[in-house]
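Topology and contacts: notes
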Amino acid sequence: MNRHSMLLNLSLLRTHPDFRAVFIARFISILSLGLLGVAIPVQIQTLTGSALQVGLAVTLTGSAMFVGLMTGGVLADRHERKRLILLARSTCGLGFIGLCINAALPTPSLAAIYLLGIWDGFFGALGVTALLAATPALVGRDNLMQAGAITMLTVRLGSVISPVVGGLLLAWGGVVWNYGLAAFGTFITLIPLLRLPQLAPPPQPREHPLRALWAGLRFLLHSPLIGGIALLGALLTMASAVRVLYPALANHWQMSASHIGLLYAALPLGAALGALTSGNLARCARPGAVMLATTLGSFIAVGLFSLMPNGALGMLCLVMVGWLSAISSLLQYTLIQTQTPEAMLGRINGLWTAQNVTGDAIGAALLGSMTVVMTPVYAASTGGLVLTLVGIVLLIVLVELRRFRQPETPTAQ
């Protein structure tokens, strides 16, 4: 493929077999998690009829992920990362089995859904942090933009397919099938991951885990570049929390149960298109400025989403949100990986992802609470408007990020 093509270069899958194993495992995992992502909010909405309860579930899971990411960041900088990844995946699978059993009961327990969401959020975060910290060792730092784009394409394509399948499964057999297949797929991912080499962390000074975590947090807070990136990531995921309103908005647009999955698929479809056309992104002269502009654009699209007269136009707005957020997220990922000292990759990746999870949890809680005093349509549009105003302020304030220029590096073949 021409090295200057705008299309994504997939050659890493051929030249790096360990990365290929991660690619396969991640794709299966995303398919499984997508089934879950449709089933949980729909089941809670059915049990309670409350968008606030749907938002609470997302908030609790996000809080557990935050703790898991903090813990995982320290562990990934101190312990063998392959073992952490395998432990996290298998433990999450057990939680999905619990959701399946609970859904099969004559009267499913709402508390069990919340508790198992906390369980899976915590252990899933451990695996995510270890895998992020291990990626430079699997592909080399010069290939991180390409690896990040392939990863995003994998995640987003899986996120397009699985919600559609999840919606059809809901209409055909109910949430039990979604949970059961999610558990099965999660355990299948262990097969390709077993072939990974040992992924030892770099040498670290002997210090208390909390002190090590504080060192990572201090680096994040004292770096205008890395701190600004983390803040943008948090706000971007806060915008994506609009998905907690999908079931209610589907009712507003009179969409059938089998079509709800299309709402969940629209945003990742846009992100997949963004990843697929990211071939020239590695040569972006001012990645910080592009990151700020695309983040602001995604906020505007979120504000317009719920105001559309029908579901089809609403999904078009979500596709635009996905495309813009993909560009921003790819630049975030690459700068985090290349501008962070290797000895801190686990903690900084954990903190960066935790910022994102925090944004998602806060966004879900706020949007769910807003439906108490306004309709879901106005809750979504108001949230997008507020984020747009914040984005304009950050575009002005984050001077170092806006002016940052990426040093030229050899382009991976």
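Given the structure is predicted, the values throughout are model-derived calculations rather than measurements. (Residues numbered from 1 in each chain as written. Predicted model: local features only at pLDDT ≥ 70, side-chain atom pairs only at ≥ 80, totals over all residues. Heavy atoms only, no water.)

**Let's talk about the packing of helix α2 (residues 17-48) against helix α3 (residues 51-76)**
Two numbers describe how α2 lies on α3: the axes approach to 8 Å, and their chain directions differ by 140 degrees. Judged by the inter-axis angle, α2 sits oblique to α3. Note on packing geometry: the crossing formed by α2 with α3 is right-handed. Residue-level contacts link Pro41, Ile44, Gln45 and Thr48 of α2 to Ala51, Gln53, Val54 and Ala57 of α3. In the contact of α2 with α3, the residues fall into five nonpolar, three polar and no charged. (Axes fitted to C-alpha atoms, helices over the stretch in contact; angles between N-to-C directions. Helix = DSSP H or I, 4+ residues; strand = E, 2+ residues; numbered from the N terminus. Parallel < 35°, antiparallel > 145°, perpendicular 65-115°, else oblique. Left-handed = near helix turned anticlockwise from the far one by under 90°. Contact = heavy atoms within 4.5 Å. Nonpolar A, V, L, I, M, F, W, Y, C, P; charged D, E, K, R; others polar.)

**Section: helix α5 (residues 110-139)**
Along its 30 residues, α5 runs 43 Å from first to last C-alpha, staying within 8% of the 44 Å computed at 1.5 Å per residue. Its maximal kink placed at alanine 133, α5 deviates by approximately 30 degrees, while the proline proline 136 follows within four residues. For α5, the buried fraction is high: 21 of the 30 residues fall into the buried class. Residue serine 109 occupies the N-cap position of α5, its side-chain oxygen lying 3.4 Å from the main-chain nitrogen of alanine 111. (Expected span 1.5 Å × (residues − 1). Bend = angle between axes of the 7 residues up to and from the residue. Buried < 20%, exposed > 50% of the residue type's maximum accessible area, 1.4 Å probe, protein only. Polar contact = N/O pair within 3.5 Å; in protein donor to acceptor, adjacent residues only side chain to side chain.)

**Looking at the layout of surface pockets**
If you add up the space inside the second largest pocket, you get close to 180 Å³. Contributing to the lining of the second largest pocket are 13 residues, with Met238, Leu366, Leu367, Gly383 and Leu387 lying nearest its centre. Considering each element in turn, the lining of the second largest pocket owes the most residues, five residues, to helix α16 (residues 376-397). When grouped by side-chain class, the residues that make up the lining of the second largest pocket number ten nonpolar, three polar and no charged. (1 Å grid on protein atoms, 1.4 Å probe; cavity = no way out; pocket = protein on both sides within 12 Å on 5 of 7 lines; lining within 4 Å. Points joined across faces, edges and corners; volume = space filled by probe spheres on them.)

**What to know about the packing of α3 against α5**
Taken N-terminus to C-terminus, the directions of α3 and α5 make an angle of 35 degrees; their axes are 7 Å apart at the nearest point. For α3 against α5, the interelement crossing comes out right-handed. In terms of residue class, the contact of α3 with α5 is made up of 17 nonpolar, nine polar and no charged.

**With respect to the environment of serine 369**
By the secondary structure assignment, serine 369 is in helix α15 (residues 345-370). Here the alpha-carbon distance between serine 369 and alanine 379, two residues ten residues apart in the chain, equals 9.0 Å.

**So, the side chain of glutamine 332**
Mapped onto the secondary structure, glutamine 332 falls in helix α14 (residues 311-339). You can call glutamine 332 buried: its relative accessible area is 1%. Those residues within four positions of glutamine 332 in sequence are excluded, and the remaining contacts are Ile229, Leu232, Gly233, Leu236, Met291 and Trp352.

**Some remarks on the packing of aromatic side chains**
On inspection of all chains with the given rule, the structure shows four aromatic pairs. For the pair tryptophan 119 and phenylalanine 123, a centre-to-centre distance of 5.0 Å together with 55 degrees between the ring planes defines the contact as tilted. In this pair, tryptophan 119 and phenylalanine 123 are both assigned in helix α5, four residues apart and thus about one turn of the helix distant. Residue classification places tryptophan 119 among the partly exposed residues on the basis of a relative accessible area of 37%. Feature note: the residues Trp119, Phe122 and Phe123 constitute an aromatic cluster, connected by ring pairs. (Phe/Tyr/Trp six-rings, centres within 6.5 Å; stacked < 30°, edge-to-face > 60°.)

**Here we look at a nonpolar patch on the surface**
The grouping of Leu385, Leu389, Ile392, Val393, Ile396 and Val397 at the surface amounts to a nonpolar patch, some 570 Å² of accessible area in total. Relative to the assigned elements, isoleucine 396 resides in helix α16. Using a relative accessible area of 58% as the deciding quantity, one classes isoleucine 396 as exposed. (Patch = residues over 30% accessible without salt bridge, like charges linked within 9 Å, V, L, I, M, F, W, Y side chains within 5 Å. Areas by Shrake-Rupley, 256 points an atom, 1.4 Å probe, with all protein chains shown as cover. Salt bridge = Lys/Arg side-chain N within 4 Å of Asp/Glu carboxyl O.)

**A word on the environment of valine 397**
Tracing the backbone through its elements, the reader meets valine 397 in helix α16. Its relative accessible area of 52% is what places valine 397 among the exposed residues. Residues valine 397 and valine 58 lie 339 residues apart in sequence; the distance between their C-alpha atoms is 31 Å.

**Quick word on the nonpolar core**
Counting 124 residues, the largest nonpolar core has Tyr179, Leu245, Leu263 and Phe305 as its most contacted members. Examining the composition of this core, we find that 13 residues originate from one element, α5, more than from any other. Among all residues touching leucine 245, those that are not within four sequence positions of it are Ala51, Leu367, Thr371, Pro376, Ala379 and Ala380. (Core = buried A, V, L, I, M, F, W, Y, C linked by side-chain atoms within 4.5 Å.)

**Re the environment of phenylalanine 184**
Relative to the helices and strands, phenylalanine 184 is located in helix α7 (residues 175-188). Residues phenylalanine 184 and phenylalanine 96 lie 88 residues apart in sequence; the distance between their C-alpha atoms is 8.8 Å.

**Considerations on the side chain of arginine 26**
When you line up the elements, arginine 26 lands in helix α2. Residues in contact with arginine 26, not counting those within four places in the same chain, are Leu131, Thr151, Thr154 and Val155.

**As for the state of the cysteines**
Within this structure, the stated rule accounts for zero disulfides. Here cysteine 92 is not disulfide-linked; the sulfur of cysteine 100 is the nearest cysteine sulfur, at 16 Å. When its relative accessible area of 7% is taken as the criterion, cysteine 92 is described as buried. Residue classification places cysteine 100 among the buried positions, given a relative accessible area of 19%. (Disulfide = S-S within 2.5 Å.)

**Re the confidence of the model for the chain**
On average, residues of the chain score 82 in pLDDT, and 93% of them reach the 70 mark or higher. Averaged pLDDT values over the elements of the chain bottom out at 76 in helix α6 (residues 144-172) and peak at 91 in helix α13 (residues 287-305). With pLDDT under 50 throughout, residues 409-413 is counted as low confidence; its partners more than four residues away or in other chains account for eight contacts. (pLDDT = per-residue confidence, 0-100.)

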